[in-house]
Amino acid sequence: MTTMPQPDVADRFAHARSLVRDVPDFPKAGIVFKDITPLLASPRAFHSLLDGLAEPFIGEGIDAVVGIEARGFIFGAALAARLNASFVPARKPGKLPAAVDRVEYETEYSTAALEMHTGSLREGARTLIVDDVLATGGTAVAAASLVERQGAVVHALAFALELTFLGGRGRVGALPVVSLLRY
């Protein structure tokens, strides 16, 4: 039996990277939006990113994955299943039917808020926060605040993409960050 050559580690996510498309002037003039929908349409690329996001946390005792609305749900739910952890949505205001904790924060182009059902996380739960993109870090910091309000512990943050020029990694402080495609 012939063994297939393994791709160089630097090339591991090349296919996924090739599918991320730039959309200029979205959601407003001057912003170049990184659109992941073509990546999500490719099972090969999506699996590759999910594997890359899950690997650092296998055996780490993650109790819960908090996915940030909306694209963080896509990655977060799949990672929760792979890590045998619960999935907890962090949603935009007004989307959750029961009592919520709420945090307001700044994004790179607006002010926003996140909510999470009160009591979604148990005291001391090791939590992984997941979103599609790390930009300025405002959304990640808000999600971390929601997790900590419930007495849980933020083990790490995981992102499919990171826009390094916006400095989000520095804004999240000492929290460990995993990101796979950096721009």
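All figures in this text were calculated on a predicted structure; none of them were measured in a lab. (Residues numbered from 1 in each chain as written. Predicted model: local features only at pLDDT ≥ 70, side-chain atom pairs only at ≥ 80, totals over all residues. Heavy atoms only, no water.)

K.L.:
Just to check I follow, could you spell out the overall build of the protein chain for this structure?
P.N.:
Broken down by element type, the protein chain carries six helices and nine strands. Considered along the principal axes of its C-alpha atoms, the protein chain spans approximately 55 × 45 × 30 Å. Look at the contacts in the protein chain between residues 6 or more apart in sequence, and 60% of them connect residues 24 or more apart. Of the roughly 9200 Å² of accessible surface on the protein chain, 55% is carried by carbon and sulfur atoms. Side chains of the protein chain give 18 positive and 20 negative charges; the mean places of these two sets differ by 2 Å. (Helix = DSSP H or I, 4+ residues; strand = E, 2+ residues; numbered from the N terminus. Contact = heavy atoms within 4.5 Å. Areas by Shrake-Rupley, 256 points an atom, 1.4 Å probe, with all protein chains shown as cover. Lys, Arg positive; Asp, Glu negative; His and termini not counted. Charge placed at Lys NZ, Arg CZ, Asp CG, Glu CD.)

K.L.:
Explain the pairing of strand β3 (residues 64-68) here, please?
P.N.:
Regular strands show a simple pattern: their side chains alternate between the two faces of the sheet. Of all the five residues making up β3, five are buried; the element is thus mostly covered by neighbouring parts of the structure. In β3, alternate side chains face the same way, and those of A64, V66 and I68 on one face and V65 and G67 on the other are all buried. Here β3 pairs with strand β4 (residues 86-90) via five bridges, running parallel. Opposite V66, over in β4, you have V88 as the bridge partner. Taking the sense of rotation as the criterion, the β-α-β connection linking β3, helix α4 (residues 71-82) and β4 turns out right-handed. As judged from the four bridges shared by β3 and strand β7 (residues 126-134), these two strands associate in the parallel manner. Following the sheet pairing, V65 is matched in β7 by L128. (Buried < 20%, exposed > 50% of the residue type's maximum accessible area, 1.4 Å probe, protein only. Pairing = 2+ DSSP bridges. Right-handed = clockwise from strand over helix to strand, strands pointing away.)

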